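# Fold and geometry: a report
Below are the chains, spelled out letter by letter.
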Amino acid sequence: MEHILSLTLENKFGALSRVAGLFSGRGFNIESLSVAPTLDPSVSMMTIVTNGDERIIEQIMKQLNKVIDIIKVVDISECDFVERETALIKVHTRPEDRAEALRIADIFRANVVDSSPTSYTIEVTGDVRKVQAIINLLQPLGIKELVRTGRIAMGREPIRPAQAQSRPLAKAN
Amino acid sequence: MQLTGSEIFVEALKREGVDTIFALPGGVVLKIFDVLHQQKDIRVILTRHEQGAGHMAEGYAKATGKAGVCLITSGPGMTNVITALADAYMDSVPVVAFSGQVPTALIGNDAFQEADNIGLSRPCTKYNFLVKDVKDLAQTIKEAFYIATTGRPGPVLVDIPKDISMEKGEFHYPSSVSIRGYNPTYDGSRWKIKQAADAILKSKRPILYIGGGVLFSEASAEVKELAEMTHIPVDMTLMALGGFPGNHPLSLGMLGMHGTYVANMAMHYSDLVIAVGARFDDRVTGKVSEFCPKAKVIHVDIDPTSIRKNIHVDIPIVGDCKRVLSELNNILRATVNGDQKEQRKPWWDQLNAWKHEHPLAYEQDPKGQIKPQYLIDRLYHLTSDRDPIVSTDVGQHQMWAAQYFKLKNPRTWLTSGGLGTMGFGFPAAMGAQAAFPDRLVLCIAGDGSIQMNTQELATAVVEKLPVKVFVINNRFHGMVRQWQDLFYEGRYASSYLGQTPDFVKLAEAYGAAGVRIADVGQVDDGIREVLSIKGPVFADVPVYQFENCYPMIPAGGANHEMLLGDPPDLKKPKGTHPTGVQADSDTILTA
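Residues numbered from 1 in each chain as written. Chains lettered and ligands numbered in written order. Predicted model: local features only at pLDDT ≥ 70, side-chain atom pairs only at ≥ 80, totals over all residues. Heavy atoms only, no water.

### A word on the interface of chain B and chain A
Taken together, the contact between chain B and chain A spans 18 residues of the former and 21 residues of the latter. With its nearest N and O atoms 2.7 Å apart, the salt bridge here joins Glu10 of chain A to Arg180 of chain B. Our count for the chain B to chain A interface comes out at twelve residue pairs in polar contact (both at pLDDT 80 or more). For the side of chain B that touches chain A, the leading source of residues is strand E6 (residues 127-130) of chain B, giving three residues. (Contact = heavy atoms within 4.5 Å. Salt bridge = Lys/Arg side-chain N within 4 Å of Asp/Glu carboxyl O. Polar contact = N/O pair within 3.5 Å; in protein donor to acceptor, adjacent residues only side chain to side chain. Helix = DSSP H or I, 4+ residues; strand = E, 2+ residues; numbered from the N terminus.)

### Brief notes about the packing of helix H11 (residues 261-269) of chain B against helix H15 (residues 345-357) of chain B
All names here are of chain B. At a minimum axis distance of 8 Å, the contact between H11 and H15 shows a crossing angle of 145°. Of the two elements, H11 crosses H15, and the hand of that crossing is right-handed. Contact residues: Tyr261, Val262, Met265, Ala266 and Tyr269 in H11; Trp347, Leu351, Trp354, Lys355 and Glu357 in H15. Classifying every residue of the contact of H11 with H15 gives eight nonpolar, no polar and two charged. (Axes fitted to C-alpha atoms, helices over the stretch in contact; angles between N-to-C directions. Left-handed = near helix turned anticlockwise from the far one by under 90°. Nonpolar A, V, L, I, M, F, W, Y, C, P; charged D, E, K, R; others polar.)

### Some thoughts on the domain arrangement of chain B
Residues and elements named next belong to chain B. Assigned domains within chain B: domain 1 (2-170), domain 2 (190-357) and domain 3 (372-542). A separation of 31 Å is found between the C-alpha centroids of domain 2 and domain 3. Carbon and sulfur atoms make up 63% of the area that domain 2 and domain 3 hide from each other, which totals about 1,400 Å². Broken down residue by residue, the surface that domain 2 buries against domain 3 is led by Leu238, Leu241 and His258, which jointly contribute 37%. Here domain 2 and domain 3 share one salt bridge between them. Salt-bridge contacts for Glu218 lead to Arg411; the nearest nitrogen and oxygen are separated by 3.2 Å. For the pair domain 2 and domain 3, the number of links is five residue pairs in polar contact (both at pLDDT 80 or more). (Domains from an automatic or database assignment. Buried area = accessible area lost by both parts, 1.4 Å probe.)

### Regarding the pattern of salt bridges
Pairs can form between side chains of opposite charge whenever their charged atoms are close. Residue and element names in this part refer to chain B. Following the criterion strictly, the structure yields 42 salt bridges over all chains and no others. For Arg152, the salt bridge goes to Asp303, with nearest N and O atoms at 2.7 Å. Of this pair, Arg152 sits in the loop between helix H6 (137-149) and strand E7 (156-161) while Asp303 is found in the loop between strand E13 (296-301) and strand E14 (315-318), placing the two residues 151 residues apart along the sequence. Its salt-bridge partner being Asp502, residue Arg516 comes within 2.8 Å of it at the nearest N-O pair. One end of the pair, Arg516, is in strand E19 (residues 513-516); the other, Asp502, is in the loop between helix H21 (478-487) and helix H22 (503-509), with 14 residues separating them in the sequence. A relative accessible area of 29% places Asp502 in the partly exposed class. Three or more residues are tied together by salt bridges with common partners; here these are Glu11, Lys14, Arg15 and Asp41. (Buried < 20%, exposed > 50% of the residue type's maximum accessible area, 1.4 Å probe, protein only.)

Right under this line is the structure:
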């Protein structure tokens, strides 16, 4: 089963390879990985998409927690969450396909970020199914290049009834 | 106070209470050695190979409980120490290794003797640091010792580029450290401990299964109290030997692949396994699907990743063994009722029956050759009053030592368990001897293993480390030969060593003493002679070559399916050896 893990880790050289080494050294699979600093420049957030049964995920979580550069590990997919991925797709366009390419981009609310007489570069953002859907539609036109960011994810803020908001929020999470 | 990086290094080590380091110099660490040379508080033991330095640091750490420290140079110095770091990582030994590195401006330049020390050591250390600014050096060293010795201990590497060792910086040694990503759990959940106590009181056939964690957390007294209070039998892993007295009436000895019959049967038929500081290694569980089929499992370990890694656990308790057991003992002391000995009688009747059915046994050789078990048994009896520290290499001799040398006290057993590193025993013994110059330190080695680090004889002589090495000499990689006997129809592919060196002359060539114990009637006198010599000794003991180590659970077998002796269809020696030597014990020994 697919799991999305959200890691808070030290923004230090070597931290990424500790995470990558943990996965490769134990034969765990990384589907996608994305990482960037947070508001606090000493800390990075990393989103890892991985697969495994319950036992493997438990081991992955424990092993990640054991890595000294990792401050916190959350299995986002255990709660309600939003996920996004961005893709840049360079589509080959014959003159008769150019309108079709634009139409597809429009349907998915994607942007054309570069254009040449024989190609469009389309930027699309969405959840993994949306990104996959536009790729599937553009593929018949001829995709010359495809770059995906890998997924990022965040837990949804729990919604409380309005009258409860005056209470202390100590147990909000 | 402005100090050079090298001076900061030495000052920091002193603050950590380091009295001995094991080291081998090279271009990029010369400044550090120069500063070490001008002080008296830290003894620098010059080894002949960096692997030796690493294993000595391990031996020192295992015998003292303090971090063992080694210092090596960049490039080949680093690659040579990797085996020792990997060994320490597998066996959770607190080692702090310092490596030299090319100057920061040259890192990544393929400079002379450059290696990616951080990349090389990452998978075999608990943590590693590259120091990029002399201002960070003191803090880094403090953190290195803290990480190495706390939680589940392990090796930590600090990589110091040459320019950092030369530059000056302000010296402040922090009094404490806090690392936000590293907070080991020491106190177990009280609720879980209560559950464990209930399970212990309810169980009919409980067994304590203790591992190396008992030694690291100094929990021997708590284990003993628990076992005696509840009259529960104790199985020890290879790493736990000495953690519970081997000659205690509640001890069943070692369990696992070459464990005793009773220890393995007790595990298999128990209804409650109380695992303390052990990690259910494959050499202990055998076939996982048939491991302890009827038992509930309580697992106490400081490392959450050890729990439920290999087998299902019913009551997981993450915490320090000592604290968890003393809490458990407090609860049990208040709740235990009735005569535990009486209540456990049916279980003990069964255990005693197993004990008598198949005790550890061997037969003397009809042709009068020394049996390895006999030598180890005699060595045990002739030295047990001196509470020796015993180290081993890896192989048959290691298993026989584990079976026959009944250690009474913690931190007297130095062996390479997880990684199974041949060549570990001799330098580890020297590391322990450096920590305890007045104690008797024995190394039980095989003729195959010992040849992986004989260069350290020079260190033993020069540094006056009088370890007594017994080379169980069968001219084979014995354990390999045993597996070839059992699973490869006796084809001794590359297990026959042929002409091993004359270990007596080898020792003498280095200025150590050499003794040969060749006659079964002279074993006691020979051992006494070795013990009477002041300096380091190599005792060469030619033994019966085809002895196999039993009991044995073949790899992948279940714990109750032990081989208790050579199978009847095993004819040995078999056929002609590939070298053309008739594989007959007499011919090979005199070849």
